Amino acid sequence: MLTTTTPIVNLGSIQRNTTTSFTFNVTNNSTDILTLTTKASCGGTVPTLDTKIMSPLSMQYGKGTFKAPNGSGAIYNKNVFITDNLGNTITIKLTGDVM
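All values derive from a computational prediction rather than experimental measurement.

Rules used in this analysis
By convention here, each chain's residues receive numbers from 1 onward along its written sequence. Residues qualify for local features only when their pLDDT is at least 70, as the model is predicted, and side-chain atom pairs are given and counted only at 80 or more; totals for whole chains, interfaces and linings, by contrast, use all residues. Each side-chain value is derived from all of the structure's non-hydrogen atoms; neither hydrogens nor water enter the calculation. Strands are runs of DSSP state E lasting at least two residues, helices are runs of H or I lasting at least four, and both sets are numbered from the N terminus onward. By the convention used here, residues are in contact when the closest approach between their heavy atoms is within 4.5 Å. Centre distance within 6.5 Å is the pairing criterion for rings of Phe, Tyr and Trp, where only the six-membered ring of Trp is used; planes under 30 degrees apart are then read as stacked, over 60 as edge-to-face, and the remainder as tilted. Throughout, exposure labels follow a simple rule: accessible area from a 1.4 Å probe, protein chains only, divided by the maximum for the residue type, with under 20% read as buried, over 50% as exposed, and the rest as partly exposed. Counted as a polar contact is a pair of N or O atoms within 3.5 Å, where, for protein atoms, one must be capable of donating a hydrogen and the other of accepting one, and residues adjacent in sequence contribute only when both atoms are in side chains.

Our focus in this paragraph is the side chain of N79. Within the secondary structure, N79 sits in strand β9 (residues 78-84). Sequence-distant contacts of N79, defined by excluding residues within four places in its chain, comprise K39, A40, S41, T91, I92 and K93.

To continue, consider the packing of aromatic side chains. This structure, assessed with the given rule, holds 1 aromatic pair. Judged by centre distance (6.2 Å) and plane angle (35°), the ring pair of F22 and F24 falls under tilted. This pair shows no difference in class: F22 is buried, exactly as F24 is.

Moving on: the environment of N28. Inspection of the secondary structure assignment puts N28 in strand β3 (residues 19-28). We classify N28 as buried; its relative accessible area is 0%. C-alpha separation for the pair N28 and T3, spaced 25 residues apart in sequence, amounts to 6.8 Å. Beyond its immediate stretch of four places on either side in the chain, N28 contacts M1, L2, L34, M54, S55, P56, L57 and S58. For N28, the side chain forms a polar contact with the side chain of S30, separated by 2.7 Å.

What follows deals with unusual backbone geometry. The backbone of L57 shows a phi angle near 55°, a positive value even though the residue is not glycine. Topologically, L57 is positioned in the loop between β6 (53-54) and β7 (58-67). Using a relative accessible area of 63% as the deciding quantity, one classes L57 as exposed.

Written out as structure tokens, the structure reads:
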């Protein structure tokens, strides 16, 4: 089973057309070795993990970048999805404001 202690990442206030970095974590609470994939809900978000293979009962940090759009307003419906080879998915939601 995958879990995270960072289900919501607040990016704060971001200037339009700039890129900001963020971190998140993923824990493998199972007794299985898991293979992970990452995916973002939009093309402006790029998540990465240090390793795609997770040992049982281990935790790792991931990082990502978010490119703010040209317009201003609240960041909404921006998510990072981490899925394991058993079909389990956790979602990390990005929040913040584009100025």
